[in-house]
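# Summary of structural features
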Amino acid sequence: MRVIITKDYDEMSIKAARIIAEQVRRKPNSVLGLAAGSTPLGTYKELIRMHREEGLDFSSVITFNLDEYYGLAPDHPQSYHYFMFENFFKHVNINPKNIHTPDGLAKDVKAFCEKYEEEIKKVGGIDLQLLGIGRDGHIAFNEPGSSLAGRTMLVALAEETIKDNARFFKSEEEVPRLAITMGCGTIMEARRILLLANGENKADAIAATVEGPVTSQVTASILQMHPDIIVIVDEAAASKLKRKEYYKYVNRVLEEAGFLNFRCH
Ligand code: GLP
């Protein structure tokens, strides 16, 4: 794992956006796996700026979102589909035909999930997957106890997640109890993964993910098994990492030697 610790949220967002932009410039028809939530908002903002001011071109980019609440229509203001359009898609030149988000209204959920997996395969797999993390260490909606090899599926949300996500709804009761999510197995097949976290309330989850054992109780810990994973966290989210100074040292040494972009960590 390569762990990059930034001074604050803005620096985390800018670094993440640069990595995504570099991917898109290198391969204009990149397949990006995208995440909703507050964490990547700054990254999307910076990508929009790069599109407007530097001509970053999304016209051939293909996207797959990680998850969606089950029971919410795409135009529901709290759906992740709506979130993605409001905060990213409608501000860049992405072709709507290239956007994929799980269907929160799918009637035949099993068939939908299989189709989603098929569609990812058909375009050659995900080149770069962006991830946030839940306070309980979940990625996408893979709650503690989910299979670390799981594929896209319907899941029940954990109580903690319902409470955390209630801030976007009028009340806790309104938060859907079910969601469709890519599984950990689906996520792990991405060629490169970028995990972001900021704020003190993510510090335990980050410590468990980076330095704890690989366990389905912290589904993000499976990322330790990925050959190209970059974790970008601000100082607050990094505050419980035991080897914090070492991670900083690694990046400093690699940078000084001009090797920072080599995938050796
Ligand atoms: C949700 C999403 C995750 C997200 C996490 C953190 O439950 N399903 O994909 O990473 O919460 O969200 P936030 O970035 O708002 O803290």
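Structural data are supplied above this passage.
Residues numbered from 1 in each chain as written. Predicted model: local features only at pLDDT ≥ 70, side-chain atom pairs only at ≥ 80, totals over all residues. Heavy atoms only, no water.

## Observations concerning the overall build of the chain
Spelled out, the test is: Numbering goes from the N terminus for both helices and strands, where a helix is a DSSP run of H or I of at least four residues and a strand is a run of E of at least two. For the radius of gyration, the atom set is restricted to C-alpha positions; the globular benchmark scales as 2.2 Å times the number of residues to the power 0.38. When accessible area is computed with a 1.4 Å probe and restricted to protein chains, residues below 20% of their type maximum are described as buried, those above 50% as exposed, and intermediate ones as partly exposed. In this description, contact between two residues means that some pair of their heavy atoms is separated by no more than 4.5 Å. By the counting rule applied here, Lys and Arg register as positive and Asp and Glu as negative, while His and the ends of each chain are not counted. Here the site of a charge means atom NZ of a Lys, CZ of an Arg, CG of an Asp or CD of a Glu.
The helix and strand tally for the chain stands at 8 helices and 10 strands. Taken against the 2.2 N^0.38 rule, which gives 18 Å for 265 residues, the C-alpha radius of gyration of the chain at 17 Å falls within 12% of a compact globule. The principal-axis extents of the C-alpha atoms in the chain amount to approximately 55 × 40 × 35 Å. Per-residue burial over the chain gives 54% buried out of 265 residues. Once local pairs closer than 6 in sequence are excluded, the contacts in the chain between residues at least 24 apart make up 80%. One way to put it: in the chain the 33 positive side-chain charges average out to a point 4 Å from where the 37 negative ones average out.

## Focus on the nonpolar core
Test applied: Side-chain atoms within 4.5 Å are what join buried Ala, Val, Leu, Ile, Met, Phe, Trp, Tyr and Cys residues into a set we call a nonpolar core.
Ranked by internal contacts, the top residues of the largest apolar core, which has 42 residues, are Leu 47, Phe 58, Phe 88, Leu 194 and Ile 232. Among the elements that line this core, the one with the most residues is helix α1 (residues 9-26), at 7 residues. Each residue touching Phe 88, except ones within four places of it in the same chain, is listed here: Leu 34, Tyr 44, Leu 47, Ile 48, Phe 58 and Phe 83. Judged by nonpolar contacts, the second largest core, of 40 residues, contains Phe 112, Tyr 116, Leu 195 and Val 233.

## Observations regarding the sheet that holds strand β10 (residues 229-234)
Heads up, the condition is: DSSP calls a pair of strands paired once it identifies at least 2 bridges connecting them.
Taken in spatial order, the 7 strands of this open sheet run β1-β10-β9-β6-β2-β3-β5, and their pairing is parallel. Since the sheet does not close on itself, it has two edges, and those belong to β1 (2-6) and β5 (99-100), each with one partner. Sheet topology places strand β3 (residues 62-65) next to β5; 2 bridges connect them, and they run parallel. Residue Thr 63 lies in a different strand from β5, and its bridge partner there is Ile 99.

## Overview of the sheet that holds strand β8 (residues 178-181)
The line we're drawing: Fitting a line to C-alpha atoms yields each axis, with helices limited to the stretch in contact; the angle taken between N-to-C directions then spans 0 to 180 degrees.
Taken in spatial order, the 3 strands line up as β4-β8-β7 in an open sheet, and their pairing is antiparallel. For this open sheet the edge positions go to β4 (67-69) and β7 (153-156), each flanked by a neighbour on one side alone. Each strand of the sheet is rotated relative to its neighbour by a mean of 25°, with strand direction disregarded. Here β4 pairs with β8 via 3 bridges, running antiparallel. Among the inter-strand pairings, Tyr 69 is bridged to a residue of β8, identified as Ala 179.

## Let's talk about the packing of α1 against helix α2 (residues 41-54)
Counted only if it meets this: Working definition: roughly parallel below 35 degrees, roughly antiparallel above 145 degrees, roughly perpendicular at 65 to 115 degrees, and oblique for all remaining angles. Helix crossings get a hand from a simple test, with the near helix turned counterclockwise from the far one by less than a right angle marking a left-handed crossing and a clockwise turn marking a right-handed one.
Relative orientation of the contacting elements α1 and α2 amounts to 55°, with a least axis distance of 8 Å. One finds that α1 runs oblique with respect to α2. When the axes of α1 and α2 are compared, the crossing they make is right-handed. Across the interface between the two elements, Tyr 9, Ser 13, Ile 14, Ala 16, Ala 17, Arg 18, Ile 20, Ala 21 and Arg 25 from α1 touch Leu 41, Gly 42, Thr 43, Glu 46, Leu 47, Met 50 and Glu 54 from α2.

## Structural notes on the site of the ligand
Condition: One heavy atom within 4 Å of a molecule or strand makes the whole residue count as near it. Throughout this description, a polar contact denotes any pair of N or O atoms lying within 3.5 Å of each other; where both atoms belong to protein, one of them has to be capable of donating a hydrogen while the other can accept it, and for residues adjacent in sequence the pair is counted only when both atoms sit in side chains.
In the neighbourhood of the ligand, 14 residues make up the surrounding shell, with Ser 38, Thr 39, Asp 67, Arg 167 and Lys 202 lying closest. Within the backbone of Ile 133, a nitrogen or oxygen atom sits 3.3 Å from an oxygen atom of the ligand. Between the ligand and Ala 140 there is a distance of 3.1 Å, counted from a nitrogen atom to a backbone nitrogen or oxygen.

## Focus on the side chain of Asn 165
Its location among the elements puts Asn 165 in helix α5 (residues 159-165). Here Asn 165 is in contact with Tyr 69, Tyr 80, Phe 141 and Val 175, once residues within four sequence places are set aside.

## Considering the environment of Ala 197
The residue Ala 197 is located in strand β9 (residues 192-197) in this model. Through-space distance from the C-alpha of Ala 197 to that of Met 12 is 8.4 Å; in sequence the pair is 185 residues apart. Ignoring anything within four residues of it in the chain, the contact list for Ala 197 reads Met 12, Thr 39, Ile 133, Lys 202, Ile 206, Ile 232, Val 233, Asp 234 and Ala 237.

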